[in-house]
Amino acid sequence: MFVVLLGLFLIFAGSVTPTNLLMGAVVSGLITLFCAKFMGYSSRGFFKKLSKADEIAVYLAYLLKEIVRENFDVLRFIYRKGQPKPRLVSFHGKVQSEPLRVLVANSITLTPGTYTVRLEGDEYAVHALDEYFQVDIEYSAFFKMARKVEEA
């Protein structure tokens with residue numbers, strides 16, 4: 001974490017000078033110590049999460065593809081159909097980890113045509129612009145991809 005923070009500090013500083021290096025080391029060290037003491041940070045956990053970076057990158061690429069695809073679906077829906085028939089769909093996701101459940105809920109919200117209204121435990125309530133957008137939300141690839149990240 002220290003190295004990542006120091007690298008970010010130097011990138012944002014714009015130049016690598018002895019002063020920037022010293023200030024970056026001090027600030028990065030203090031943030032790392034703060035995280036270790038008060039937030040339960042451990043370098044072992046950081047490297048474990050870093051090992052999942054490829055699964056996370058695949059998930060983010062899939063999310064970006066879905067956002068673009070759904071934008072076109074919403075545009076098509078607006079131009080072809082008349083009045084939308086909004087739906088509120090409740091279902092249970094099968095993701096165990098709380099952070100991944102939140103990631104899936106936010107991914108659904110980022111996708112045009114749907115947004116997550118409520119997340120309690122593993123129960124999601126999702127508002128869909130039309131019944132067309134509610135199809136297979138429960139079995140969407142967001143859950144499949146999140147379970148792959150969780151298993152890794």
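Below is a summary of the structure that appears in this document.

Conventions and cut-offs
- Residues numbered from 1 in each chain as written.
- Predicted model: local features only at pLDDT ≥ 70, side-chain atom pairs only at ≥ 80, totals over all residues.
- Heavy atoms only, no water.
- Axes fitted to C-alpha atoms, helices over the stretch in contact; angles between N-to-C directions.
- Helix = DSSP H or I, 4+ residues; strand = E, 2+ residues; numbered from the N terminus.
- Parallel < 35°, antiparallel > 145°, perpendicular 65-115°, else oblique.
- Left-handed = near helix turned anticlockwise from the far one by under 90°.
- Contact = heavy atoms within 4.5 Å.
- Nonpolar A, V, L, I, M, F, W, Y, C, P; charged D, E, K, R; others polar.

Brief notes about the packing of helix α4 (residues 53-80) against helix α5 (residues 98-110)
And step 1. Put simply, α4 and α5 touch, their axes get as near as 9 Å, and they point 25° apart. Classified by the interaxial angle, the pair formed by α4 and α5 is roughly parallel. In the crossing of α4 with α5, the sense of the turn from one axis to the other is right-handed. Within the contact between the two elements, α4 uses Y59, L63 and I67 and α5 uses L103, V104, S107 and L110.
And step 2. Taken together, the residues that form the contact of α4 with α5 break down as six nonpolar, one polar and no charged.

Re the packing of helix α1 (residues 2-13) against helix α2 (residues 18-38)
Between two packed helices, what matters for the description is the angle formed by their axes and the separation of those axes.
And step 1. Here α1 crosses α2 at 140°, and the two axes come no closer than 9 Å. Considered as vectors, α1 and α2 are oriented oblique to each other. Viewed along their axes, α1 and α2 form a crossing whose handedness is right-handed. Contact with α1, carried on its side by F2, L5, L6, F9, L10 and A13, involves N20, L21, M23, G24, A25, S28, G29, I31 and T32 of α2 and no other residues of that element.
And step 2. Tallied by class, the residues present in the contact of α1 with α2 amount to 10 nonpolar, five polar and no charged.

On their own, these measurements won't tell you what the molecule is for.
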